[in-house]
Every structure is written in C-alpha cells, then in structure tokens.
Amino acid sequence: MSDAERARANFERFARGEPIAVEVGEIERELSSLWQQASRVSAARLGRAELSREGSGTLPGVPSETTAGSAVSRAVLWNLVVPTRGRAGLEKTKALCDAIAPAVPVRAIALCLDDAAGGQELSATIDSNVVSQPSGGRVVYCEEISLMGPPGAETHFGAMVRALQVPGVRTATLWMDPTMPSALLARELLPVTRRLIIDTASCARPMDLRDLEALAARALPRPIADLGWLRLSSFRLLFAGVFDPPVGGAPLRRASRLAVRYRAGGDASALLLVAWLGLLLDWKPLRAAGTPDGGLRFDFERPGGPPVQAFLVPSAAACDRSAILGIELADGRDEYVVTRTAVDEAEVRVPIAPPKTVKLDAASDAELCVAALGPRGRDPLYARCLAYAAQLWSLR
Amino acid sequence: MENAAPGALANPLRQGLVEERFPEPATMVIFGASGDLARRKLLPALYSLTRDRLLPSRFAVLGFGRHAQDDDAFREEMRRGCEEFARRRPVDAAVWSAFARNLFYQQGAYDDPAAFARLKARLDEIDRTLGLPGNRVFYLSTPPSTFAPIIRSLGQAQLAPRPAPGRPFARVIIEKPFGVDLETARALNRQVHEILDERQIYRIDHYLGKETVQNLLVFRFANGIFEPIWNNHFIDHVQITGSETVGVEGRGGYFEQAGILRDMVQNHLLQVLSLAAMEPPIAFEADGVRDEKLKVLKALRQIPAADFDRQVIRGQYAAGSIAGRAVPGYRAEAGVDPRSTTETFVALKIFIDSWRWAGVPFYLRSGKRLPKRVTEIAIVFKEAPHLLFGKRADSIRPNVLSIRIQPDEGIALNFGSKLPGPAMEVAPVSMEFRYGSSFGVEPPEAYERLLLDCLLGDGTLFTRADEVEASWTWVSRIHRRWAEQTASGDMRLPEYAAGTWGPDEAERMMAADGRSWRLP
C-alpha cells in the first residue's frame, strides 16, 4: 500500500469513527492532518448539499468567498482524562466518551493500563467523534485519544496528558476505577485537573467513603463532582419539594424519626442521603449501631429540638443505581414519605394532599457526566456531605 | 410567596440545592387556552420544563377559554400540541401522565363576573385537592382588546391581590401587542395599574427569552475584550435585521391594522437594539437591566422632518417567489384591502444621543416575504486607519461581528487573513461560534425560559411599563408622520418583489452613506 493509499484509508476509517493506531509522538500531527482532510471533504459536501437546497451560489450565513475554504471546527469544552484498566475498561470508557460528546464536546484522553500488554512501550490510537444532530445541519466534531501501556506505564501518563491538553481549555479527570494507582491521580493528574469527577457508587464498601473524602480533601479547592451524589438529585429534589409551602419546614424541625430504605449494597448512597439531611437540619451524630435486618441505626442530637433516630434499612427490591428506595420522615404527628414505586417512578405522601405519583429521573452515566461537567458539578454542599457521611460510617 | 417566607414556611432542604432557581408550587391559568399559542408554545414549554424537572411536583395548569370542552378534551388537544411542537420529543408517556393529571379546563367569557367567580372557586378547589399554597400566574394569551377586561375581572374576583410578605403571589403575563400606539399603551398601563402592582406584571416579548439575546449581555459584560471597543471610537455602524419569509399567514385582518413597524420594530427590534446599545447595568437583576434599556430608548433621536424620507423607508411586497414557490403580493392576501397602504417592510436609520454612540448610525430593517428568516445584529467596525497592502486593499473589508439570534444561534467575527502562498493576498475569513456545535444541545425554547422566570418572580427578561411607553413614544412619531404624508397625498410606499431584500430605496438609503446592507 502506498503512502497516499494508506493516508486515504486512514482518513476513511477516521471519518467512520474507527480508531487509528499512531505513533505516540505524532498524535497531534496526525490529528491535525486528518481534520484538514475532513475540512476539505466537508466543504465539498456542504457546498453541494446547500447549493441543491438553496438553489443559489452562496451558503446561508457564510460569505460566498469563504465557501471554498469552509473549515471543520473542532469543538472542545473540556479536556476529559479518564484513567482505566484493561481492554474492557477502555472500551467502556470510549463508549462513555462517545455518549458525552453530543452534549459536551470533549477531547477525551483515555489512559489505559493493560495487564495483557506486552513490552514497555506506550501505544496510541486516535478516533473522531462526529455527531450529527437530529435536526440536521449542526454537527459536533471532537476526538478521542487512547494511550495504552503495561502496568508501570502510568509514570508516562502525566507528561502525555500535559502534552495533549488543548490549551486554554479546562481539564476534568474522571476517576471511576478504584483499581488505578492512586499516585497517578495525586502526583500527575490533580495538578492539571480543574474538576475531579468520582463515583461513590463504585465504593464496594462504605469504608471507601473515607478514602474518597481524603481524596476530595486533597483535590480542594477544585470542584469535586460525584456521580453517586448526582444520582441522588431527583430523590433530594422530590423530598425537598415536600416541604415547600404550604407544608413548610416546621415538620423538619420537629422530626424525630427518619428511615432511608435502600438496595442492599448501596450503603454509600444511603449514608450520603442521611448526611444531606443531617447537615442541613443541624443534627449532631452521637452513635451508631447495627440493626437485626442488617441495617444501621444512628442517634442524633440537635440544638433546641428532640433527639432524632435515623435508620438505614436494606432491601432486596429492584432499584436504579442511586440505590434509594424511599425516605420516611415522622415528626410524632404526621409522616412525610417518598417511596419508589418503579425504577423511574415514586409516590409522594404528605398529610395535606392525596398521594401523588411522579416521574424520577433515571440518568445514564453519560448524562451524569455531562451534568458533572456543568454547574451541577460545582456543588459546594457535596464535600461537606461526603465528610459527614464518612463521619457517620466511622461511628459504627 | 411574595418576598421572604416566614420562618414556619421556610424550607431548609432548599439550601444548597444546585437547582436553586426553583419555583414554588403554583397554578398557571391560561386565558385563550384553546388558541394557537397555548397549543404550539405554552403547553409544550410547560411540558418540557416538567420533563427537565424545572417545575415543582405540585403544579397545575388551568386553561380558560370561550370554547366549550371538558378537562379530558383539553388534555388530549394539548397532548397533540406537545407531540407536534415540544422541544423534548417524543412525549414521554410517564411524564405526560403525571403532567396531564393536573391539567384542567374551564369555559367562560372574559368579561363575565360570574365566570370569574367560578374560576376562583375552581382554583380554590385545585389548591385544596393538590395541596397548593394559592400562588397563581395568569397568562393572557388573548386578543389585546381583552387585556383590560380580564385584569379588571381578576381584580373584581379578588384573584390578583397586590403583593405582600407571606401572601401567595399573583402574577400576570401579558402578550404583545401592548397597545397600538403611545396613547393606547399609556391607557392600558393605567388600567392595569388600577388592579396590579408593576411587580406583578410580566409583559412578554419572546425575543428576550432567546438564548442568543441573553448571551448578548454575557458576551458584552462577561468578556473583557469587547466592551472597550463597543463605542463610536471603533464601531462604524450597526445593522439589525429581523426578516421573515412568511407573508401574513391568514392574519391579514390583524396585519392590516398593525404593519411591520408595530409588529416587529416597536417590540422585538427595539428591545434587541436596547440590549446591544445599553450601558453596563449595576447588577444583573430586573430593574438594573431595565433601567439601562430604558435610557437607550429615551435617547433615540427623533427623526427630523427634513430627513424623514432618507431615514425611514417603507415598502410593501408584491408577487414573487419564496423557496421555489410563487407567492402572491400583499394586496392579494386574504383579509387584506386590495388598496392597502400597510407597510410590510421598513428600514430605519437611527441615532442614539449618548456619549457612547454619538455619530454611529443604527440601521434596522424588518420585512415579510424576504429571502430568508433571520434575526441578527451586525456590529460593523471602522476600517484600519492605514492600509498597508496597496492594491490588495480591495479585498480587505471592515471587521464585522455578527450575532445571530435565529436560526443557528451563534456569533461570528469576520476578519482579513493572508491567503497561503508567496503573494500578499488578503481574504476575509470567519471565526464562528455556534451554540449547536459548541454545546451540542439545542437551546431551550424562549417560552420555557420566560415562563420559568415568571414563576420565579424574575422580571429581567420582561418589558417594564416605562420601556413600552418609551418605545411607543419613538415609534408613534413615525406613524404620525406617515399619517400626515397620507393626508397630504405624499405617501411613498414602494413595492418589492417577494423573495428580495426589500425595495431599492432601502439600498439607496445605505448607499447614500457609502454603506450597504449585509446579506445575512
């Protein structure tokens, strides 16, 4: 195959979004060359399409003299660094980045430690992420870079990320794989990261909350977004809405008992939810104890109010990844209850109105990542709730 | 609740929620609910807000109209509207089901006190059933002649009490047109203020809900590099275009009375102009922004009689072609007088008497049956003071910053660049930002933003009484001059073929200044 044929074949694969193997030191040059070819092809295609639609010699909104030189503009709102392990992890990461790109164009940089990789060298692939909007016309062009190496190759990842960051664009690190070496994050990635994204749902054990809290403390003052926390949003919003006028906040101030029902294994989510309420309602945790059903009981005191007992109640019922099945709050007189009735539905019960069924968001991981890269990823309450949740666990 | 809620009602769980702009439970009453706007815009917007979880779970909509139908028929009609027009499609069955349960309809006449007494009873019942606190938004999606009677009826039925701390809110959204001239706008403001406090009134101009219009403020005041050159030292002139390909679309009767100056310029284009030209507000809050817009409207220079025909060009479309289809002239449209003198195109040269804009003309044009539907602001900068490139200077054009409001919302900056190669050839190139390609998501519909803002009590993107009167003050002078010209037999109403950019006189107005209209 000649160089020209190889270049054409590479471009066709690139245009289809397939990965192309490149020299590690040539990533930017290869990307630049492939996008230039894409510009030429796009200009020709766009010209033909618009001419046939408009029946005139100019493109709408574009001076005619620039038509011949229409460039494909790569869109990048974030550099998104995603460390992962193994080929399966890499495939999952790439699928996630593909799903994020339509809403938030990113230059994705996947850092993969592959136990099965031979040799000592890093290898690299690049692929395009071209998204046509359903309304037609509008297209997002962005790119993914994958770096793979054997265990130990993480020592090169920091320098590679620094070299491959699009200048002037913020960098987020998506730290989802707890098996990745923590030194990679602490030494190499945190210094170039403007937003750290974690997922408490990946905490196999609630004691991992302590590690995450330490990680979050190290990352400060950078905003930390937690996909697990974002998964709780719809339940938090729904439960908060119960106490809007005319109910008001009085029952919260009188509350004496709280129960959070959750899918077994989702202890971290349940703890975060209790932490949210405890923090906002000024409950001081006193002690914790196990319950016969395998759950936990916490005792709280609070200034000027009755003591509060909170129960974490595990269940085998089906649930989404938020793991929350219901919240019940009692003030000695009335109960205020939000109960999941289906994966994406909940029933709200308050004393002043008949029960009401409402839709619960069941966002995908990609949708949560998009939220984490936006304003919702800068929730100042989160770090405090995480610390409170870690404290609750340590009482046990 | 208006103002701060008292302690017992304050909800500590709202603290720190990232969705901090979250409205209180409320009922929205839509007058004119069987009309086109409710079906095409309002209900689809409310559905999309529900879908995006931006409305409280306790929220109800009550349609009110003259047409007789029951709740289920109304729900079905609105569902069809959402399926066709909602931004978030297809309609999610579960979301719709929960949303539709709180959709109600009531028949009644707009000036019938008994109908409003029944409306009040129905709203009280909805509040009791759904546990709502009595907050209400009334949307007047009705003909302008009904605005005052409806508001009077609301007052008589005690449905719109003035705001007070701890009391449920009552707000009224009023559709355009707000008056047909200065006198009628003043009269309507007086009638409305007899019942309502200005803080309760939300005069809607859907242009202000468009993402790019709001972005104009961000672009100007959140970036350090543009504001220093946003003045007469660097800007040669400004062009604002609001063009439509459609004709009167079955609204011939309405348009005959309105004309393009009332229909587009008095509200949309003057609002856009005021945002483009205003000084930085002291804060991004309702009165801060509206105070600055008002100053611009008050500073619009009255057009001298001697220059009137050079600065105000009107036209009327004749038969022509749009999108490959032959279309009739305006006078052949249904509902239009065959001898009509209503303008379907207007081009204006405007000056703003302020330090910032002294000597900078603002050219506005708006018309029906123009070649494409587009709304844009083009800031045309002065040429470089000394051109180094000799004969190649022909291809050097002034820098233009164009802000596209619709469609394809975005911003483009044109500048000259050296063409690759050994020769020193200069070519204009464009650096573009488009919402669609940079953010990858469709911006929300203007009505979504505006309905949400009203529920939140944020009037920043709504027009205040004094703004409306200031814009009518300026526009009514033009109408008076046109009336004088008609009376004296000196009326000039050139025709333009549908599918062109207006009458030749509009081009000549620019050419006389050594400029030309952009082709947006």
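Okay, so let's go over this structure.

Procedures and definitions
Residues numbered from 1 in each chain as written. Chains lettered and ligands numbered in written order. Predicted model: local features only at pLDDT ≥ 70, side-chain atom pairs only at ≥ 80, totals over all residues. Heavy atoms only, no water. Helix = DSSP H or I, 4+ residues; strand = E, 2+ residues; numbered from the N terminus. Rg over C-alpha atoms; globule rule 2.2 N^0.38 Å. Buried < 20%, exposed > 50% of the residue type's maximum accessible area, 1.4 Å probe, protein only. Contact = heavy atoms within 4.5 Å. Areas by Shrake-Rupley, 256 points an atom, 1.4 Å probe, with all protein chains shown as cover. Axes fitted to C-alpha atoms, helices over the stretch in contact; angles between N-to-C directions. Parallel < 35°, antiparallel > 145°, perpendicular 65-115°, else oblique. Nonpolar A, V, L, I, M, F, W, Y, C, P; charged D, E, K, R; others polar. Pairing = 2+ DSSP bridges. Salt bridge = Lys/Arg side-chain N within 4 Å of Asp/Glu carboxyl O.

Digging into the overall build of chain B
From N to C terminus, chain B includes 14 helices and 17 strands. The C-alpha atoms of chain B give 25 Å as radius of gyration, which agrees with the globular expectation for 520 residues (24 Å, within 12%). Taking the principal axes of the C-alpha coordinates as reference, chain B spans close to 80 × 55 × 45 Å. Each of the 520 residues in chain B was classed as buried or not, and the buried ones make up 57%. Of the contacts formed within chain B by residues at least 6 apart in sequence, a portion of 78% connects residues at least 24 apart. Per element, the accessible surface of chain B, about 21100 Å² overall, is 53% carbon and sulfur.

Some remarks on the packing of helix 1 (residues 36-51) of chain B against helix 2 (residues 71-85) of chain B
All names here are of chain B. Helix 2 packs onto helix 1 with a crossing angle of 80° between their chain directions and a minimal axis gap of 8 Å. Regarding the angle of helix 1 to helix 2, the classification is roughly perpendicular. Taken together, the residues of helix 2 that come into contact with helix 1 (itself represented by A38, R39, R40, L43, P44 and Y47) are E77, M78, G81, C82, E84 and F85. Its residues placed into classes, the contact of helix 1 with helix 2 shows seven nonpolar, one polar and four charged.

Comments concerning the sheet that holds strand 1 (residues 26-31) of chain B
Residue and element names in this part refer to chain B. One open sheet accounts for six strands, arranged 3-2-1-4-5-6; its pairing is parallel. Both outer strands of the open sheet, strand 3 (103-107) and strand 6 (201-203), are each paired with one neighbouring strand and no more. Direction aside, the axes of adjacent strands within the sheet are offset by 20° on average. Bridge count for strand 4 (residues 136-140) against strand 5 (residues 170-174) is five bridges, and the pairing is parallel. Counterpart to V137 in the pairing with strand 5 is R171.

Concerning the pairing of strand 11 (residues 296-301) of chain A
Residue and element names in this part refer to chain A. Examined bridge by bridge, strand 10 (residues 284-290) and strand 11 share six bridges and lie antiparallel to one another. Across the sheet, R287 pairs through a bridge with D299, a residue of strand 11. Counting the residues between successive antiparallel strands, the hairpin from strand 10 to strand 11 contains five residues, one of them, G294, with a positive phi of roughly 90°. The pairing of strand 11 with strand 12 (residues 308-315) spans five bridges and is antiparallel. Across the sheet, the residue bridging to F298 is A310, located in strand 12. Linking strand 11 back to strand 12 in an antiparallel pair, the connection comprises six residues, with G304 at a positive phi of about 70°.

Side note on unusual backbone geometry
With an omega of 10°, the peptide bond between L220(A) and P221(A) qualifies as cis. Its place among the elements puts P221(A) in the loop between helix 6 (208-219) and strand 8 (224-226). Cis rather than trans, the peptide bond between Q406(B) and P407(B) has omega equal to -20°. The residue P407(B) is located in the loop between strand 14 (400-406) and strand 15 (410-418) in this model. With phi around 65°, D282(A) is a residue other than glycine that occupies positive phi space. Following the sequence through the fold, D282(A) ends up in the loop between helix 10 (267-280) and strand 10. Backbone geometry places E249(B), a non-glycine residue, at a positive phi of 50°.

Points about the sheet that holds strand 16 (residues 353-359) of chain A
In any sheet, the strands associate via hydrogen bonds between backbone groups, in a parallel or an antiparallel arrangement. Residues and elements named next belong to chain A. Ordered in space as 10-11-12-9-13-14-15-16, the eight strands form an open sheet in which the pairing is mixed. The strands lining the two open edges of the sheet, one partner per strand, are strand 10 and strand 16. Strand-to-strand twist across the sheet, computed as the mean angle between neighbouring axes with direction ignored, equals 15°.

What about the pattern of salt bridges?
Residues and elements named next belong to chain B. Across all of its chains, the model carries 61 salt bridges over all chains by this definition. Among the ionic pairs, D36 bridges to R39, the shortest N-O distance being 3.6 Å. Here the residue D36 and the residue R39 both occupy positions in helix 1, the gap between them amounting to three residues, near one helical turn. Beyond isolated ion pairs, a larger network of salt bridges with shared partners links D287, R290, D291, R464 and D466.

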